[in-house]
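Survey of secondary and tertiary structure
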Amino acid sequence: PIMPSIEHMTTAVNAYTAAHSAGDLDAIAALFSEDAVVADPVDQPAHRGRDAVRAFFAGAHELAESMDLHATGPMRAVGSWVAVPLEAITTIGDMRLKIDIIDVFTFDDDGLISDMKAYWTASDIRPYEG
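Here we take up the overall build of the chain. Assigned secondary structure in the chain consists of three helices and eight strands. When its helices and strands are written in sequence order, the chain yields α-α-β-β-α-β-β-β-β-β-β. Here the C-alpha radius of gyration of the chain, 14 Å, is about what a compact globule of 130 residues would show, namely 14 Å. With respect to the three principal axes, the spread of C-alpha positions in the chain is 50 × 30 × 25 Å. Residues counted as buried form 42% of the 130 residues belonging to the chain. In the chain, 48% of the contacts between residues at least 6 apart in sequence involve partners at least 24 apart. Taken as a whole, the chain presents about 6,900 Å² of accessible surface, with 58% of it coming from carbon and sulfur.

All right, on to the side chain of glutamate 87 then. For glutamate 87, the position within the fold is in strand 5 (residues 81–92). When its relative accessible area of 12% is taken as the criterion, glutamate 87 is described as buried. Within polar-contact distance, the side chain of glutamate 87 engages the side chain of histidine 70 at 2.8 Å. Within the local environment of glutamate 87, its side chain forms a polar contact with the side chain of lysine 98, the two groups lying 3.3 Å apart. Excluding its chain neighbours within four sequence positions, the residues that come into contact with glutamate 87 are Asp68, Leu69, His70, Thr72, Lys98, Ile99 and Asp100.

A separate point is helix 1 (residues 6–22). Given a rise of 1.5 Å per residue, 17 residues ought to cover 24 Å, and the 24 Å separating the end C-alpha atoms of helix 1 matches this to within 8%. Inspection of helix 1 places Met9, Thr10, Ala12, Val13, Tyr16, Thr17, Ala19 and His20 among the buried residues, and these make up the whole buried set. Looking one or two residues beyond helix 1, the residue adopting positive phi is glycine 23, at roughly 70°.

Conventions and cut-offs
- Residues numbered from 1 in each chain as written.
- Predicted model: local features only at pLDDT ≥ 70, side-chain atom pairs only at ≥ 80, totals over all residues.
- Heavy atoms only, no water.
- Helix = DSSP H or I, 4+ residues; strand = E, 2+ residues; numbered from the N terminus.
- Rg over C-alpha atoms; globule rule 2.2 N^0.38 Å.
- Buried < 20%, exposed > 50% of the residue type's maximum accessible area, 1.4 Å probe, protein only.
- Contact = heavy atoms within 4.5 Å.
- Areas by Shrake-Rupley, 256 points an atom, 1.4 Å probe, with all protein chains shown as cover.
- Polar contact = N/O pair within 3.5 Å; in protein donor to acceptor, adjacent residues only side chain to side chain.
- Expected span 1.5 Å × (residues − 1).

Here is the structure:
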């Protein structure tokens, strides 16, 4: 098996955050393998398969009028994994919220995301003044 390069994985994670910020669900889904598993947040039931992952993120984007997702610190890439601290700034109704998240991505031999776990809970959501 060929492990994806650190450059490939970090580029894919940057594409993931950019696609979320643009609301581009097809671009998000294209980064995941057909049998990808996403747990967001990690303690909730996982979404299995690219179509289910796309549907899950579509629901999140329908809830939020806007979403800006960006890294707040350096990515750590080891083997076929990448961990990255993220901040999501969303507008829901008349509320602007900031959520601090740590995402851990696992990549398959084709360079697609096969697993993503998002570490955050309600206590990581705060009003955003920006």
